Amino acid sequence: MKNQSDLFTETDWIDLAEIADKILEDDEEIWQKISDWLKLHPDVKTAHKTYLKNTPPVVDKNKHLGFGGSKPLESQDKPTGDPTLLEKLRNEIHIHKPRNPSK
């Protein structure tokens, strides 16, 4: 979205905003909705795949264990200051969503 926002039409931004507003705080649901949307937008899907190929992998907590094979502690509380995936998605959509869509 950030790097190739020109691939998205005004209607795309409106559709994405509606989808994002319906999503709960569930990463699986977010990825499923994004996947479903990408199936209908092949140009964006191709750009997304290209971007993912060039992105370094995220550290897998199950592979990178601490001393004695211990896993890093995970807080039950939402970390302050770090936006969730859904917040990041909504923020990016909000930046590009037209304020007064054409009719």
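Residues numbered from 1 in each chain as written. Predicted model: local features only at pLDDT ≥ 70, side-chain atom pairs only at ≥ 80, totals over all residues. Heavy atoms only, no water.

Colleague: Run through the overall build of the protein chain, naming residues and quoting values.
Modeller: Looking only at helices and strands, the protein chain features four helices and zero strands. Starting at the N terminus and ending at the C terminus, the protein chain contains elements arranged as α-α-α-α. Counting over 103 residues, the protein chain shows a buried share of 18%. For the protein chain, the share of sequence-separated contacts (at least 6 apart) that also reach a separation of at least 24 residues comes to 63%. In the form shown here, the protein chain has an accessible surface area of approximately 8,600 Å², with 53% of it arising from carbon and sulfur atoms. (Helix = DSSP H or I, 4+ residues; strand = E, 2+ residues; numbered from the N terminus. Buried < 20%, exposed > 50% of the residue type's maximum accessible area, 1.4 Å probe, protein only. Contact = heavy atoms within 4.5 Å. Areas by Shrake-Rupley, 256 points an atom, 1.4 Å probe, with all protein chains shown as cover.)

Colleague: Give me the lowdown on the nonpolar core, citing residues and values where you can.
Modeller: Residues Phe8, Leu16, Trp37 and Ile93 are the most contacted members of the largest nonpolar core, which totals 13 residues. Of all the elements in the fold, those that place two or more residues in this core are helix H1 (10-22), helix H2 (27-39) and helix H4 (85-96). With four residues, the single largest contributor to this core is H1. With residues near it in sequence (within four places) discarded, isoleucine 93 still touches Met1, Trp13, Leu16, Ala17 and Ala20. (Core = buried A, V, L, I, M, F, W, Y, C linked by side-chain atoms within 4.5 Å.)

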